[in-house]
Amino acid sequence: ATEITAHNYRIMRYIQDHFHFNSYFLNHYHLLLYNTHHYLFANAVIRNAIGMSIDRTDIVDTILEGNGRIANGFMGIDSPYHDPAAPPLPYDPGEGVAILKSDGWTLDPKAGVLVKNGRKFSFELLLNETSEIDYRVARNIKLNLSQIGIQVTVVPVPFEKLQKRYFQNTDFEAVLTEYGGAYDGPERLLEGWTPLINGKSSGGVFNSPEV
């Protein structure tokens, strides 16, 4: 059995004499992927403000029960191309709110949601309907962001439909997904993050030669 849930792992430890556990970290990470063509997520500063408002330590400690680490870049924590000196984005919802306010978002006290130019800061978060962990993470994100005035609607969908909506596509607002880091060679990043295939890529379209 591979990639068992933290909950089942905890239960199995009570009868650990019947099992052999080989614990290790997988060379991929889970991420909240935004559609940067959407007006809410076009600005990287705003995306950072959202990230600062999500308590990832709590996700690792409570949902994964310690069986995870916080990523701080798309290379992969144990990648030889990873910069160990680069700190993860801090959990600082107060600073996140300040950034959003500086961008013109104000809290509607009646609705309890941020608004700007008559639009609410509200988006759909897609996830694989069969993933118990992703659903719990999505609910955690929803709760975190609701505390700063962002409305999140969690939308579980079948995996095939999920892939079609965001893979080389922009038919989504945000999605919980996973991606592999660069371990064997940096070419993995070139394939995943630059527009080589039909002008699109699987991870994101970056034209910067440095990226």
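Up top is the structure.
Right, let's walk through the structure included here. (Residues numbered from 1 in each chain as written. Predicted model: local features only at pLDDT ≥ 70, side-chain atom pairs only at ≥ 80, totals over all residues. Heavy atoms only, no water.)

**Side note on the overall build of the chain**
For the record, the criterion: Labels follow the DSSP assignment, with helices taken as runs of H or I lasting at least four residues and strands as runs of E lasting at least two, numbered in each case from the N terminus. The buried label applies to any residue whose accessible area, calculated with a 1.4 Å probe on protein chains only, is under 20% of its type's maximum; exposed applies above 50%, and partly exposed to all values in between. A contact between two residues is defined here by any heavy atoms of the two lying within 4.5 Å. To measure how exposed things are, a 1.4 Å probe is used in the Shrake-Rupley method; for residues, cover is taken only from the protein chains shown.
A tally of regular secondary structure across the chain gives seven helices and seven strands. Reading the chain from its N end, one meets helices and strands in the order α-β-α-α-α-β-β-β-β-α-β-α-β-α. Counting every position in the chain, which comprises 211 residues, the buried fraction comes to 35%. Partitioning the intrachain contacts of the chain with sequence separation of at least 6 by distance along the chain shows that 65% fall at a separation of at least 24. A total of about 12,900 Å² of accessible surface is found on the chain, and carbon and sulfur atoms cover 51% of it.

**Thoughts on the pairing of strand β5 (residues 122-128)**
On a regular strand, one side chain projects to one face of the sheet and the next to the other, so that they alternate. This is how the line gets drawn: The rule for pairing is simple: two strands pair if DSSP sees at least two bridges between them. The crossover handedness rule: strands pointing away from the viewer, path from first strand over the helix to second strand clockwise, crossover right-handed.
For β5, the buried fraction is high: five of the seven residues fall into the buried class. As defined by bridge partners, β5 adjoins strand β6 (residues 151-157) across seven bridges and the pair is classed as parallel. If you follow L127 over to β6, its bridge partner there is P156. Between the parallel elements β5 and β6, the chain passes through helix α5 (residues 132-146) in a crossover that is right-handed. In the sheet, β5 pairs with strand β7 (residues 174-180) via two bridges, with the strands oriented parallel. From the neighbouring strand, L125 faces β7, where its bridge partner is A174.

**Let's talk about the sheet that holds strand β1 (residues 28-34)**
To keep it simple, the criterion reads: Lines fitted to C-alpha atoms define the axes here, with helix axes fitted over just the stretch in contact, and angles between the N-to-C directions of these axes take values from 0 to 180 degrees.
Reading across from one edge, β1-β7-β5-β6 is the order of the four strands in this open sheet, with mixed pairing throughout. With one partner strand each, in any of the chains shown, β1 and β6 form the two edges of the open sheet. The sheet shows a mean angle of 35 degrees between the axes of neighbouring strands, direction not considered. Here helix α6 (residues 159-166) sits on the sheet and contacts β1, β5, β6 and β7; the angle it forms with β5, its principal contact strand, is near 130 degrees.

**Comments concerning the nonpolar core**
Side chains of a nonpolar character, in soluble globular proteins, are inclined to be buried together. Definition in use: As used here, the term nonpolar core means buried Ala, Val, Leu, Ile, Met, Phe, Trp, Tyr and Cys residues forming a set that is joined through side-chain atoms within 4.5 Å.
Counting 28 residues, the largest nonpolar core has L100, F121, F123, L125, L145 and I150 as its most contacted members. Of all the secondary-structure elements, those providing two or more residues to this core are β1, α2 (44-52), α3 (56-63), α4 (93-102), β5, α5 and β7. Those residues in contact with L145 that sit more than four places away from it in its chain are I50, S53, I54, F123, I150 and V152. Residues L33, L126, V155 and F172 belong to the second largest nonpolar core, which totals eleven residues.

**Some thoughts on the sheet that holds strand β4 (residues 119-120)**
Spatially, the three strands line up as an open sheet ordered β2-β3-β4, and their pairing is antiparallel. Pairing within the sheet leaves two strands with one partner each, and these edge strands are β2 (106-108) and β4. Relative to strand β3 (residues 113-116), β2 runs antiparallel, the two sharing three bridges. Within β3, the residue paired with T106 across the bridge is V115.

**A word on the pairing of β7**
Most of β7 is tucked away, with six of its seven residues classed as buried. Relative to β7, β1 is paired through seven bridges, and the arrangement is antiparallel. Across the sheet, the residue bridging to Y34 is A174, located in β7.

**Things to note about a nonpolar patch on the surface**
Selection rule: Only residues above 30% relative accessible area that lack a salt bridge enter a patch, with like-charged residues linked at up to 9 Å and the nonpolar side chains Val, Leu, Ile, Met, Phe, Trp and Tyr linked at up to 5 Å. Counted as salt bridges are all cases of a side-chain nitrogen of Lys or Arg within 4 Å of a carboxyl oxygen of Asp or Glu.
Side chains of Y14, I15 and F19 sit close together on the surface and give an oily, nonpolar patch of about 360 Å² of accessible area. With respect to the helices and strands, Y14 occurs in the loop between α1 (6-13) and β1.

**Notes on the packing of aromatic side chains**
The cut-off we apply is this: Think of it this way: a Phe, Tyr or Trp ring, Trp meaning its six-membered ring, pairs with another when their centres are within 6.5 Å, and the plane angle makes it stacked under 30 degrees, edge-to-face over 60, tilted otherwise. Charge over a ring is defined by NZ of Lys or CZ of Arg lying within 6 Å of the ring centre and within 35 degrees of the ring normal.
Evaluated as defined, the whole model comprises six aromatic pairs. Taking the centre distance of 5.2 Å and the plane angle of 85 degrees together, the rings of F41 and F123 count as edge-to-face. Residue F41 is located in the loop between β1 and α2, and its partner F123 is located in strand β5; the two are separated by 82 residues in the primary sequence. An identical accessibility class is assigned to F41 and F123; each is buried. Between Y166 and F172, the ring centres sit 6.2 Å apart and the planes meet at 70 degrees, which makes this aromatic pair edge-to-face. When its relative accessible area of 8% is taken as the criterion, F172 is described as buried. Taking the ring centre of Y39 as reference, the NZ or CZ of R119 above it sits at 4.1 Å.

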